[in-house]
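# Architecture at a glance
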Protein chains: 2
Amino acid sequence: MRIAVDGMGGDNAPQEIVAGAVLAARELDCKIVLVGDQSLLRSELEKHPGVPKSITVHHAGSFIRMDESATLSVRKKKDNSMSVCADLAREGVVDAIVTAGHTGAAVVASTLKLRLLEGIERPGIGILLPTLLTPTLLIDVGANIDPKPVHLYQYALMGDVYFRYILRKNRPSVGILNIGEEETKGTDYIKEAHRLLNKSRLHFVGNVEGRDIFNGKVDIVVCDGFVGNVVLKVSESIAGVIGKLLKAQLKRNPITMLGALLAKPAFDALRKEIDYSEYGGAPLLGVDGNCIISHGSSDARAIKNAIRVACQFVKYEINQHILEAVKTSQDMES
Amino acid sequence: MRIAVDGMGGDNAPQEIVAGAVLAARELDCKIVLVGDQSLLRSELEKHPGVPKSITVHHAGSFIRMDESATLSVRKKKDNSMSVCADLAREGVVDAIVTAGHTGAAVVASTLKLRLLEGIERPGIGILLPTLLTPTLLIDVGANIDPKPVHLYQYALMGDVYFRYILRKNRPSVGILNIGEEETKGTDYIKEAHRLLNKSRLHFVGNVEGRDIFNGKVDIVVCDGFVGNVVLKVSESIAGVIGKLLKAQLKRNPITMLGALLAKPAFDALRKEIDYSEYGGAPLLGVDGNCIISHGSSDARAIKNAIRVACQFVKYEINQHILEAVKTSQDMES
């Protein structure tokens, strides 16, 4: 199993990316190709004593900054690290790619170079979120901000495969994110997606609301990439805001401060429990290749977990199963 | 100052609504007209010893359940408590209305009976959210799920008035909720709203992301009612989910349990700090009348706070100021 890792993408590149790749090479059964400025990556690797031989470096002459336009930069900088990763995947040199760089550029580069799976019209980013019960997969969180009803249906189809083969849950439940549970609620395109899902073979439970994402009521929640992106960023920030507000309250008197000190192990455990980086990267579902997008602020552990997810995608042949699911759904229609 | 309170709306009607009205009549300088089934409301009032004379009851023969269709139910049940409140406002019997009932029905009934302010094309629900710094007004959270660019612009205009006259802040900042800060991000309608706000006299700071809502970076955040509603419900639920997860962690051993006990005053203070009901109801901005929508799960305190907000709207003549702001913006254009 060979994974290309974009060494130049993310807020903490290349340090944390290289450190994560080293961790993965030690803990996981895979070969890693670090892609980016070779002298930079080599000197970064030298900081780690006894780097496993399963890590190699592949040069890329440029990279895409977070503030650049996705489409333009992919088109202009032919040798950017993300596109080079996708090239390696297309040529069969690697089985999967992992990047913590510019999400939009990752979507554009992957779609352009690897193309979409037959029958899939648009890619979607699926992210696993911690909830009160088992994790929920929210798809799409930003690949496609203006989807058609059939795109939501296909997200559900791909999410179903993800749950069955990676999370080992049969007949996972699927909901459409809406502003009310009633069938009559929402915009026209949501009502049409509702109709498509209703007649599908998926375990469709109907509309779910914002509050249902984190109570773990449903396994897969489909939505347009605009709403999904906003939900993701809002929820990431709220945990931090609540933490800061609580800290300020705890500091107000010595007894509550003592309480906080005693309770610290529980706070730490909670932080770990709701930490996205524990869950690894978010797969870009629908492209004809395995592309895992990691959070821009990924540290070494998050990168290692994203590489782990990439390995699972290859091992469980997720794309093969998606193709089968699309075929079955097309056969049903005709 | 006379406020009509929908005695039949909300999960805890009529008990908590009546209790909230009694609290408000005692603490605030206003007369309250409780609207709904008169025998039910009278017997509920009798549970409170020494009910102030400033509370009267006005009969309404029916009410709208949470699971009914907004438009249909308002049209069919002419004598529903929400429509009767709006009738009282239109006839000048009351200065404002407060309801914790079906939000969609409140929007339909108010818009139908009271009409919109001249120059305003769509109403929007604005809700004040607690943040790390000063509260942020999010508008719209569900009145209009498919807005045009000009609607977002008018939300900003109305939010600006709200901040200047009720929160006493000059030149509040306005942002559009988007998936990135760059001007090129988002759907076409958002780009057009961006253009409208850019050339306005408002203190427009550009696009803001989901994470900016709760960090208090911006005073007013405008968005479509679909996204706003999802954000509201996600954020309401996350605080509860984090609380439950933390509780489970704290219970794992006796020392962290002791810590939690000592830290309890800080937890309680935090709960109060982020409790929406402290902030009162959400104004339905844009209708030619004062309509405050309170959370469906409102308790007596939330209802009292919503009545307080209604009084402020009347006192500071918010609608008059919105009309002036619309006029000024129209003069600028021509």
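Please read these numbers as outputs of a predicted model, since none were measured by experiment.

## What to know about the nonpolar core
Looking at soluble globular proteins, one finds that nonpolar side chains tend to be buried together. The biggest cluster of nonpolar side chains holds 223 residues, and the ones touching the most others in it are Leu-34 and Ile-307 of chain A together with Leu-34 and Ile-307 of chain B. Apart from the residues lying within four places of it in its own chain, the contact partners of Ile-307 of chain A are Ile-3, Val-5, Gly-20, Ala-21, Ala-24, Leu-28, Cys-30, Ile-32 and Val-98 of chain A.

## Things to note about the packing of helix H4 (residues 81-90) of chain B against helix H5 (residues 103-114) of chain B
Packed helices, taken two at a time, are described by their axes: the angle between them and the distance between them. Residues and elements named next belong to chain B. In the contact formed by H4 and H5, the axes pass within 9 Å of each other and the chain directions differ by 30 degrees. Considered as vectors, H4 and H5 are oriented roughly parallel to each other. Crossing of H4 against H5: the hand is right-handed. Residue-level contacts link Met-82, Ser-83, Ala-86, Asp-87, Ala-89 and Arg-90 of H4 to Ala-105, Ala-106, Ala-109, Lys-113 and Leu-114 of H5.

## A closer look at the relation of the copies chain B and chain A
Superposing chain B onto chain A takes a rotation of 180 degrees combined with a translation of 0.0 Å along the rotation axis, leaving an RMSD of 0.0 Å. In short, the pair behaves as if placed about a two-fold rotation axis. Taking C-alpha positions as the reference, the residue of chain B nearest the rotation axis is Gly-259 of chain B, at 1.8 Å. When the interface residues of chain B are mapped onto chain A, 100% of them are again interface residues, pointing to one common binding face.

## Here we look at the interface of chain B and chain A
Often the size quoted for an interface is simply the accessible area lost on bringing the parts together. Contacts between the two partners involve 49 residues from chain B, matched on the other side by 50 residues from chain A. Together chain B and chain A conceal approximately 4,600 Å² of surface at their shared face, both sides included; 80% is due to carbon and sulfur atoms. In this structure, Lys-233 of chain A engages Glu-209 of chain B in a salt bridge whose closest nitrogen and oxygen atoms are separated by 2.2 Å. Where chain B packs against chain A, one counts 4 residue pairs in polar contact (both at pLDDT 80 or more).

## Quick word on the domain arrangement of chain A
Residue and element names in this part refer to chain A. In terms of domains, chain A is made up of domain 1 (2-120 + 286-321) and domain 2 (127-278). Here domain 1 and domain 2 have C-alpha centroids that lie 25 Å from each other. Residue-level contacts link 15 residues of domain 1 with 12 residues of domain 2. Interface area, domain 1 with domain 2, both sides summed: about 1,300 Å², of which 61% is carbon and sulfur. Contact with domain 2 buries surface across domain 1, with Ile-120, Arg-301 and His-321 losing the most and accounting together for 34% of the total. Taken together, the connections running from domain 1 to domain 2 amount to 0 salt bridges.

## Considering the sheet that holds strand S7 (residues 173-177) of chain B
By definition, the strands of a sheet pair up through backbone hydrogen bonds, in either a parallel or an antiparallel sense. All names here are of chain B. Taken in spatial order, the 11 strands make up an open sheet running S3-S2-S1-S4-S11-S10-S5-S6-S9-S7-S8, and their pairing is mixed. The open sheet has two edge strands with one neighbour each: strand S3 (55-59) and strand S8 (203-208). Neighbour-to-neighbour, the strand axes of this sheet turn through a mean angle of 25 degrees, independent of strand direction. The pairing of strand S10 (residues 282-285) with strand S11 (residues 290-293) spans 2 bridges and is classified as antiparallel. Following the sheet pairing, Ala-282 is matched in S11 by Ile-293. Docked against the sheet, helix H10 (residues 300-315) engages strand S1 (2-6), strand S2 (31-36), strand S4 (96-99), S10 and S11, running at close to 155 degrees with respect to S11.

## With respect to helix H9 (residues 254-273) of chain B
The end-to-end C-alpha distance of H9 of chain B, which contains 20 residues, comes to 28 Å, matching closely the 28 Å that a straight helix rising 1.5 Å per residue would cover. In H9 of chain B, a bend of some 60 degrees at Ala-263 of chain B exceeds every other bend along the element, and Pro-265 of chain B, a proline, comes one to four places later. Regarding H9 of chain B, the residues found buried are Thr-256, Gly-259, Ala-260, Ala-263, Ala-266, Phe-267 and Leu-270 of chain B. Lining the buried residues of H9 of chain B we find helix H8 (225-250) and helix H9 (254-273) of chain A together with helix H8 (225-250) of chain B. You can read the cap of H9 of chain B off the contacts: a side-chain oxygen lies 2.8 Å from the backbone nitrogen of Ile-255 of chain B, and it is on Asn-253 of chain B.

## Considering the sheet that holds strand S11 (residues 290-293) of chain A
All names here are of chain A. If you walk across this open sheet you meet the 11 strands as S3-S2-S1-S4-S11-S10-S5-S6-S9-S7-S8, and the pairing is mixed. Every other strand in the sheet has two partners, leaving strand S3 (55-59) and strand S8 (203-208) as the edge strands with one partner each. Neighbour to neighbour, the strand axes of the sheet diverge by 25 degrees on average, direction disregarded. Sheet contacts for helix H2 (residues 38-45): strand S2 (31-36) and S3; angle to S3, the most-contacted strand, approximately 160 degrees.

## Section: the pairing of strand S10 (residues 282-285) of chain A
All names here are of chain A. Side chains Ala-282 and Leu-284 of S10 all project onto a buried face; the interleaved residues Pro-283 and Leu-285 project onto the opposite face, where all are buried too. With 2 bridges connecting them, strand S5 (residues 124-129) and S10 associate as antiparallel partners. Its bridge partner lying in S10, Gly-124 is registered against Leu-285. The turn joining S10 and S11, which pair antiparallel and follow one another in sequence, is formed by 4 residues; a positive phi near 115 degrees is taken by Gly-286.

## Observations concerning unusual backbone geometry
Across the junction of Ala-13 of chain B and Pro-14 of chain B, the peptide omega takes the value -5 degrees, indicating a cis bond. Structurally, the position occupied by Pro-14 of chain B is in the loop between S1 and helix H1 (15-27). The omega angle of the peptide bond from Ile-139 of chain B to Asp-140 of chain B is 20 degrees, so this bond is cis rather than trans. Secondary-structure assignment places Asp-140 of chain B in the loop between strand S6 (136-139) and helix H6 (149-165). Its identity is not glycine, yet Arg-115 of chain A carries a phi of approximately 65 degrees, on the positive side. In this fold, Arg-115 of chain A is placed in the loop between helix H5 (103-114) and S5.

Scoring rules and cut-offs
Residues numbered from 1 in each chain as written. Chains lettered and ligands numbered in written order. Predicted model: local features only at pLDDT ≥ 70, side-chain atom pairs only at ≥ 80, totals over all residues. Heavy atoms only, no water. Core = buried A, V, L, I, M, F, W, Y, C linked by side-chain atoms within 4.5 Å. Buried < 20%, exposed > 50% of the residue type's maximum accessible area, 1.4 Å probe, protein only. Contact = heavy atoms within 4.5 Å. Axes fitted to C-alpha atoms, helices over the stretch in contact; angles between N-to-C directions. Helix = DSSP H or I, 4+ residues; strand = E, 2+ residues; numbered from the N terminus. Parallel < 35°, antiparallel > 145°, perpendicular 65-115°, else oblique. Left-handed = near helix turned anticlockwise from the far one by under 90°. Least-squares fit on C-alpha atoms with pLDDT ≥ 70 in both. Buried area = accessible area lost by both parts, 1.4 Å probe. Salt bridge = Lys/Arg side-chain N within 4 Å of Asp/Glu carboxyl O. Polar contact = N/O pair within 3.5 Å; in protein donor to acceptor, adjacent residues only side chain to side chain. Domains from an automatic or database assignment. Pairing = 2+ DSSP bridges. Expected span 1.5 Å × (residues − 1). Bend = angle between axes of the 7 residues up to and from the residue.

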